Amino acid sequence: MFENLNWWEIGALLMLALLIFGERLPKVIGDGLRMLRGLRNMAQGATADLSRELGTDIRLEDLHPKAFIRKHLLSEEDEQALRKPLQTLFDDVKQDLNGVKSELDDVAAAVDIRKSSAPAEKAAEASRPAQRYDLDAT
């Protein structure tokens with residue numbers, strides 16, 4: 001919960017809370033904790049009611065529509081039948097992209113060979129006087 005805050009920021013928040021609530025701070029903290037416990041008990045009660053009504057063991061993660069359908073409505077064979085066309089499409093695209101990557105690697109290697117095989121161009125560049133620029137003047 002506080003992973004984005006460092007210790008100085010947490011200390012500043014505690015000091016701010018102490019200034020705002022003063023002597024009532026322990027009562028405010030107790031009321032907040034009591035409210036959190038009540039919310040947790042309500043969520044556990046709702047989960048228990050759903051489990052009892054549906055006749056299965058349900059966790060909060062199972063209430064996501066995709067997870068609910070996958071767990072309670074589809075068999076493993078149905079899920080594999082749904083995944084097979086997408087998996088073959090994914091494999092085809094991956095194979096095509098690997099071919100493009102290998103062709104680009106070949107082109108990059110050919111360009112590197114041409115650069116290294118032109119020593120005359122490098123000698124011509126080295127014989128030209130270097131231009132000097134005053135970086136502070138710009």
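Keep in mind it's a predicted model, so treat the numbers as computed, not measured. (Residues numbered from 1 in each chain as written. Predicted model: local features only at pLDDT ≥ 70, side-chain atom pairs only at ≥ 80, totals over all residues. Heavy atoms only, no water.)

With respect to the pattern of salt bridges
- Enumeration over the complete set of coordinates arrives at four salt bridges.
- The shortest N-O distance in the salt bridge between D49 and R52 comes to 2.6 Å. Of the two residues, D49 and R52 are both situated in helix α2 (residues 25–54); the distance of three residues between them amounts to about one turn of the helix.
- For D49, a relative accessible area of 37% gives the class partly exposed.
- Overall, the relative accessible area of 57% leaves R52 in the exposed class.
- Because the salt bridges share partners, they merge into one network encompassing K27, D31 and R34. (Salt bridge = Lys/Arg side-chain N within 4 Å of Asp/Glu carboxyl O. Helix = DSSP H or I, 4+ residues; strand = E, 2+ residues; numbered from the N terminus. Buried < 20%, exposed > 50% of the residue type's maximum accessible area, 1.4 Å probe, protein only.)

What about a nonpolar patch on the surface?
- There is a patch of nonpolar side chains on the surface, built from L5, L13, L16, I20, F21 and V28 and spanning about 480 Å² of accessible area.
- Looking at which element gives the most residues to the nonpolar patch, the answer is helix α1 (residues 7–21), with four residues.
- Topologically, V28 is positioned in helix α2.
- On the accessibility criterion, V28 (32% relative accessible area) is partly exposed. (Patch = residues over 30% accessible without salt bridge, like charges linked within 9 Å, V, L, I, M, F, W, Y side chains within 5 Å. Areas by Shrake-Rupley, 256 points an atom, 1.4 Å probe, with all protein chains shown as cover.)

Description of α1
- Between its first and last C-alpha, α1 extends 21 Å over 15 residues, near the 21 Å set by a 1.5 Å rise per residue.
- Where α1 begins, the capping side chain belongs to N6, and its oxygen is found 3.2 Å from the backbone nitrogen of W8.
- A positive phi of about 60° marks G22, the residue just after α1. (Expected span 1.5 Å × (residues − 1). Polar contact = N/O pair within 3.5 Å; in protein donor to acceptor, adjacent residues only side chain to side chain.)

With respect to the environment of D57
- Within the secondary structure, D57 sits in the loop between α2 and α3 (65–72).
- Separated by ten residues in sequence, D57 and T47 have C-alpha atoms that sit 9.1 Å apart.

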